[in-house]
Amino acid sequence: MAEPTTPSDFDANAIADAMAPLLGLVIDPAFRPGVLQNLKIMAAMADLVLSVPMDEREEPAPVFRP
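Residues numbered from 1 in each chain as written. Predicted model: local features only at pLDDT ≥ 70, side-chain atom pairs only at ≥ 80, totals over all residues. Heavy atoms only, no water.

Draft legend 1. Structural view of a nonpolar patch on the surface. Nonpolar side chains collect at one region of the surface, where Ile15, Met19, Leu22, Leu23 and Leu25 lie side by side and expose about 500 Å² of accessible area between them. For Leu25, the position within the fold is in the loop between helix H1 (12–23) and helix H2 (32–50). (Patch = residues over 30% accessible without salt bridge, like charges linked within 9 Å, V, L, I, M, F, W, Y side chains within 5 Å. Areas by Shrake-Rupley, 256 points an atom, 1.4 Å probe, with all protein chains shown as cover. Salt bridge = Lys/Arg side-chain N within 4 Å of Asp/Glu carboxyl O. Helix = DSSP H or I, 4+ residues; strand = E, 2+ residues; numbered from the N terminus.)

Draft legend 2. Structural view of the packing of H1 against H2. Running from amino to carboxyl end, H1 crosses H2 at an angle of 110 degrees, the nearest separation of the two axes being 9 Å. Between H1 and H2, the angle falls in the class roughly perpendicular. Contacts between H1 and H2 involve Ala12, Asn13, Ile15, Ala16 and Asp17 on the former and, on the latter, Arg32, Leu36, Leu39 and Lys40. In terms of residue class, the contact of H1 with H2 is built from five nonpolar, one polar and three charged. (Axes fitted to C-alpha atoms, helices over the stretch in contact; angles between N-to-C directions. Parallel < 35°, antiparallel > 145°, perpendicular 65-115°, else oblique. Contact = heavy atoms within 4.5 Å. Nonpolar A, V, L, I, M, F, W, Y, C, P; charged D, E, K, R; others polar.)

As structure tokens, this is what we get:
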């Protein structure tokens, strides 16, 4: 499986530094690399979802059926 990509302007360090205090979190330095990797993966997933073209009249399905 290919590694997900993130937008070039996404700065996981800046996001972690800004959000941790707002959420009352202290990121242990030993866990910081994993936290940053997780943020990058989540940004790539969000980018993928947001890249799907949708008409403004479309509504989410009330029940998920694969």
